[in-house]
Amino acid sequence: MNNLIHAKSEFLHRHLYKHLVSLGIFNCLFIGLYLIDEGTFLSIFKGIIFSLSLYVMINAFSTRYITQSPFLSYISIFYGALNLLLSLRFVILKLFGITINRYDVSMSTDYIVHISFGVFLIILTITYIKKPERLEFISYILMGCFVLIVIFLFPTLSTKTFADFVTGHTLHALFFNLCSNLFLPIAMIFTFYMLYSIRYKIPDTHKIIMTLFAVSCMIYEAIHLIYFNPLTVPSIISYFFRLSSLYLLIIGQIDCCILRPFGELYLKNEASEKMIEDTHKELYRYSTYATRLESNLKAKTNQYERILSIFPEPFLLCVDNKILDTNQAALDLFHSSTKHSLCGCILFDYLKLDAQTLSAYNGLLEHPNELLKGEAKLTTLDHEVYDVEYLFTTTYLHESINIVCILRNITEKKQKLAAEKALEEQNLKMNYFSNLSHDIKMPINIIYSALQMQEHATTLPECLHYTDMMQSNSLKLLKLINNILDLTKLDNNMLQFSSQIFNVVDAVETLCEASYYYMKEKNISYTFDTDLDERLIHTDPSAFERIIFNLLSNAIKYTAPGGQLYITVSDLGESIQIDILDTGIGIPADKLDHIFDRFITSYQGTSSKEHSCGIGLSIVRDLVHIMGGTITCYSKLNEGSCFSIVLPTPPIEDVIIDQPYQSTYTSHNIKIEFCDI
């Protein structure tokens, strides 16, 4: 762009200087003509000024809409019209042969020209700077004023009275002459002062032309002020500056209307041609690149279609929930013989997804890097139902972002898992009934054997020993039967709860004391610790005791003699936590997650006391859940186990318990709970 501006300025300046040289040559020729014949010089010179004035006015008026400097055009119109007025006597004399008083007409014409041009120049300058859009309107008004001046004022001033007044030696005449002759230079100075504020908008060539024009006009006025008489050497010199001012306006019009616009068009055309040429080169390069990309795209598309055809899993390409393309595996899954019977169908007419999954599917286009996967039911074209795994993602294919759906038929897998689970449950039941049969058969055998031995006993201690054996195994049978009955009641929601309000801290401590006899038999010590004295709970006390006694019984049962038990009661705000920690044999890690499941035993011992059928902890879990609590187990093999119970204890107001807790279990019931020890 800088090169373009530099080339344009150089072109215009070179053209301007050439015209200035030509103007100097013409002035030299006219000087030579003046030296040869003054009369011929005056006639030719005034004819040239008349012609130039007429040309300047007509050319400026006709090109006022296409010029780049309307201000210069309207100045040219008025200046040409004023110079025509100065040449009026010469034209009338030469064309019509009418003789007019030369001195009177020249005097009045000069004063009209000086004052009118100064006024017009000031008005045009102010309008051009303040309201350039009204320049044409103001110019028309000034033209009308000029016509009125010529019609009405010119005849009045073209009299001997006005001439005598101007040439008189009175103070008024001197002051009038001084003001009228200095008005135009002052107007010129004012114009340049006003244009200085917008000097950056005026081209350099126009600045030079306007400066030379102003200098020529002021020199002409200065000479004319001092030497008014014609055909004197100073007066002849003023004619040359008058001619120069007209010629400069012609140069300015040529520059504004022809050279500068066409020069800019020429340079812009060159730049456009260069740009077009560069664009053609870029287009050719891009066309070659696009052709190469298209070839690569076709190759990759063919490769994609080939890979898709041999892809082992069902593959669906979807647009707006409609199936756009598939592979053979998808056709086989949908029981479709051709793509035409499947393509165009709504995918979710066959793949059943919930509302949340459908919402996530619709958001895949906004999050193209995400994956959506899960399991669902699929209905084939012949209405068979399969279990499938699905995976949705996005890909750019066929010039748009599409959704890819990959399916996998897991019907056989789920059927196999269901069969394995059923078999596992069957094995659990078989193990349960085997253990149950063992738990029932062993006490009965012991009781029967004790009865037989008692028949042959000869002493009282022997009889009492066999009686204890029968009693102990009878308790085991009662415990087993009670567990089976409670399990049946829980399954059928027939277990009745009789809720009461009691102090849970006192209750746990009392139950621990009731179990101390069985701890002492195995030389096991226990520690009871709590961070509160009282916390009321509203629940069934017998169910609560069943939970605590079962956990204490297991802890004593699987803890070696000399071990330790730690029972703690902790405050959790609106709930309470009971921890029963032992130093027993622990629970294997692979059975820890299923310790509360039915028919699952944590340790299958070799003795009858270590044997379990896996019912007790299942009942404990169900009872805790009925109470609105939770139970968890933490254990490490050969180091011990910890069972934690969390029960809700909402605030209970206006209840005072001043009696110690009384267990609902009789000594006989306690014996049943601890009969395995």
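Since this is a predicted model, take the numbers as computed values, not measurements.

Regarding its fold elements, the protein chain presents 20 helices and 13 strands. The burial tally for the protein chain puts 42% of its 677 residues in the buried class. The contacts of the protein chain with a sequence gap of at least 6 include a subset with a gap of at least 24, amounting to 71%. Summing over all exposed atoms, the protein chain offers an accessible surface of approximately 37,900 Å²; the carbon and sulfur share of this is 61%.

If you look at the biggest cluster of nonpolar residues, it comprises 53 residues, and the most contacted ones within it are Phe45, Ile75, Tyr79, Phe117, Leu124, Met188 and Phe213. Contributions of two or more residues to this core are made by α2 (38–62), α3 (70–86), α5 (102–130), α6 (135–157), α8 (171–195), α9 (204–226) and α10 (233–310). Looking at this core element by element, the count peaks at 12 residues for α10. Those residues in contact with Ile75, other than ones at most four positions away along the chain, are Phe117, Leu121, Leu124 and Phe213. One finds Val508, Leu511, Ile548 and Val620 within the second-largest nonpolar core, a separate group that totals 49 residues.

So, about the side chain of Ser76. The residue Ser76 is located in helix α3 in this model. Note on Ser76: relative accessible area 0%, which makes it buried. With residues up to four places along the chain from it excluded, the contact list for Ser76 reads Val56, Met57, Ala60, Leu249 and Gln253.

Before going further, it helps to examine the side chain of Lys522. Mapping Lys522 onto the fold places it in the loop between α16 (516–521) and β8 (525–530). Of note is the side chain of Lys522, whose polar atom sits 3.3 Å from the backbone oxygen of Lys557. Discounting residues that sit within four places of it in the chain, Lys522 has contacts with Ile556, Lys557, Thr559, Pro561, Gly562 and Ile677.

Right, let's get into α8. Residues that lie three or four places apart on an α-helix share one face, since the helix turns once every 3.6 residues. End to end, α8 covers 36 Å across 25 residues, agreeing with the expected 36 Å (1.5 Å per residue, within 8%). At Phe183, α8 shows its largest bend, some 35°, and a proline, Pro185, comes one to four positions later.

Further remarks concern empty space enclosed by the protein. One pass over the structure, following the stated rule, counts 3 cavities of 30 Å³ or more. Empty space within the second largest cavity amounts to approximately 80 Å³. As for the second largest cavity, its lining consists of Phe71, Leu72, Ile75, Leu121, Met188, Thr191, Phe192, Met210, Phe213 and Ala214. Secondary structure elements with two or more residues in the lining of the second largest cavity: α3, α8 and α9. Partitioned by chemical class, the residues of the lining of the second largest cavity number 9 nonpolar, 1 polar and no charged.

Strand order across the open sheet formed by 5 strands is β8-β10-β11-β13-β12, with mixed pairing between neighbours. On the outer flanks of this sheet lie β8 and β12 (630–636), each paired with one strand and no other. Averaged over neighbouring strand pairs, the angle between their axes works out to 10° when direction is ignored. Two elements, strand β10 (residues 564–571) and strand β11 (residues 575–582), share 7 bridges in a ladder whose sense is antiparallel. Each bridged residue has a counterpart across the sheet, and for Leu565 the counterpart in β11 is Asp582.

To continue, consider the packing of helix α17 (residues 541–557) against helix α19 (residues 616–626). The interhelical angle for the contact between α17 and α19, taken along N-to-C directions, is 145°, at an axis separation of 10 Å. Two packed elements cross with a definite hand, and for α17 against α19 that hand is left-handed. Across from Ala543, Arg546, Ile547, Asn550, Leu551 and Asn554 in α17, the residues of α19 making contact are Gly616, Leu617, Ile619, Val620, Leu623 and Val624. Broken down by class, the residue content of the contact of α17 with α19 amounts to 8 nonpolar, 3 polar and 1 charged.

All right, on to helix α15 (residues 504–514) then. Taking burial as the measure, the 11 residues of α15 include 8 buried ones, the bulk of the element. Sitting at the amino-terminal end of α15 is Asn503, which places a side-chain oxygen 3.2 Å from the backbone nitrogen of Val505.

On to unusual backbone geometry. In the Ramachandran plot, His335 falls in the positive-phi region, its phi being about 60° despite a non-glycine side chain. Take His335: it is sitting in the loop between α11 (328–333) and β3 (351–352). A relative accessible area of 31% places His335 in the partly exposed class. Even without being glycine, Asn638 reaches a positive phi, approximately 65°. Its location among the elements puts Asn638 in the loop between β12 and β13 (640–648). Of the residues examined, Asn638 reaches a relative accessible area of 64% and is grouped as exposed.

Across 4 bridges, the pairing between strand β1 (residues 315–319) and strand β2 (residues 322–326) is antiparallel. In the sheet register, Cys318 faces β2, and the bridge partner there is Ile323. In this antiparallel pair of consecutive strands, β1 and β2, the connection spans 2 residues, and Asp320 shows a positive phi of 55°.

Moving on, we come to the pattern of salt bridges. As a working rule, side chains carrying opposite charge can pair if their charged atoms are close by. Using the criterion set out here, one finds 15 salt bridges in the structure. Where Glu294 meets Lys298, a salt bridge forms, and the shortest distance between an N and an O atom there is 3.8 Å. Of the two residues, Glu294 and Lys298 both sit in helix α10, 4 residues apart, roughly one turn of that helix. Assessed through its relative accessible area of 51%, Lys298 is described here as exposed. In this structure, Glu375 and Lys414 form a salt bridge, with 3.8 Å as the shortest nitrogen-oxygen distance. In this pair, Glu375 is assigned in strand β4 (residues 372–379) and Lys414 in helix α13 (residues 411–455), connecting sequence segments 39 residues apart.

Looking now at the confidence of the model for the protein chain. Detail in the predicted coordinates should be disregarded across regions flagged by low pLDDT. When pLDDT is averaged across the protein chain, the result is 79; 83% of the residues are at 70 or more. Per-element confidence in the protein chain is highest for β11, whose mean pLDDT is 95, and lowest for helix α4 (residues 88–96), whose mean pLDDT is 58. Throughout residues 3–8 the model reports pLDDT below 50, and contacts reaching past four residues in sequence, or to other chains, amount to 5 contacts.

Mapped onto the elements, Arg134 comes out in the loop between α5 and α6. For Arg134 and Leu124, which are 10 residues apart along the polypeptide, the C-alpha to C-alpha distance reads 9.9 Å.

Our focus in this paragraph is the pairing of β12. The two faces of the sheet receive side chains in turn, since in a regular strand these alternate between them. Where β12 lies against β13, 7 bridges are found, and the strand directions are antiparallel. From the neighbouring strand, Thr632 faces β13, where its bridge partner is Ser644. Here β12 hands over to β13 after 3 residues, with Asn638 in that stretch at a positive phi of 65°.

So, on to the state of the cysteines. By the definition in use, this model includes 0 disulfides. Cys343 takes part in no disulfide bond, and the closest cysteine sulfur, belonging to Cys345, lies 8.1 Å away. Look at Cys343 and you get partly exposed, because its relative accessible area is 25%. Free of any disulfide, Cys633 has its nearest cysteine sulfur in Cys642, 7.8 Å distant. Taking the relative accessible area as the measure of exposure, Cys633 reaches 13% and is therefore buried.

Cut-offs and rules
- For every chain, the first residue of the written sequence is number 1, and numbering continues from 1 along that sequence.
- Given that the model is predicted, a residue must reach a pLDDT of at least 70 before its local features are reported, and side-chain atom pairs must reach 80 or more before they are shown or counted; all residues, however, enter totals for whole chains, interfaces and linings.
- Only hydrogens and water are set aside; all other atoms, that is, all heavy atoms of the structure, feed into the side-chain values.
- Only runs of H or I of at least four residues qualify as helices and only runs of E of at least two qualify as strands under DSSP, and these elements are numbered from the N terminus.
- Partly exposed describes any residue whose relative accessible area lies between the buried limit of under 20% and the exposed limit of over 50%, with all areas from a 1.4 Å probe on protein chains only and scaled to the type maximum.
- Only heavy atoms enter the contact rule, under which two residues are in contact if any of them lie within 4.5 Å.
- Surface accessibility in these figures is a Shrake-Rupley result with a 1.4 Å probe; residues are shielded only by whichever protein chains are displayed.
- Among buried residues, the Ala, Val, Leu, Ile, Met, Phe, Trp, Tyr and Cys ones that are joined through side-chain atoms within 4.5 Å form a nonpolar core.
- What qualifies as a polar contact is a pair of N or O atoms within 3.5 Å, subject to a donor-acceptor requirement within protein and to the restriction that residues adjacent in sequence count only when both atoms come from side chains.
- By this rule, a helix spans an expected 1.5 Å times one less than how many residues it contains.
- Two axes enter the bend calculation: one fitted to the seven residues ending at the residue in question, the other to the seven starting there, and the bend is the angle between them.
- Computed over the protein atoms alone on a 1 Å grid, cavities are sets of points where a 1.4 Å probe fits but cannot get out and pockets are open sets with protein on both sides within 12 Å along at least five of seven lines; a residue lines them when it has an atom within 4 Å of a point.
- Grid points are joined across faces, edges and corners, and a volume is the space filled by probe spheres set on the points.
- Note that Gly is not counted as nonpolar here; it falls among the polar residues with everything else outside the nonpolar set of Ala, Val, Leu, Ile, Met, Phe, Trp, Tyr, Cys and Pro and the charged set of Asp, Glu, Lys and Arg.
- Should DSSP find at least two bridges between two strands, the strands are taken to pair.
- With axes taken as lines fitted to C-alpha atoms, and helix axes fitted only over the stretch in contact, angles between N-to-C directions fall between 0 and 180 degrees.
- By convention, the crossing between two helices is left-handed when the near helix turns anticlockwise from the far helix through less than a right angle, and right-handed when the turn is clockwise.
- Only one rule defines a salt bridge in this text: a Lys or Arg side-chain nitrogen within 4 Å of an Asp or Glu carboxyl oxygen.
- Scored from 0 to 100, pLDDT records how confident the predictor is in each individual residue.
- To count as a disulfide, a pair of cysteine sulfur atoms needs to be within 2.5 Å.

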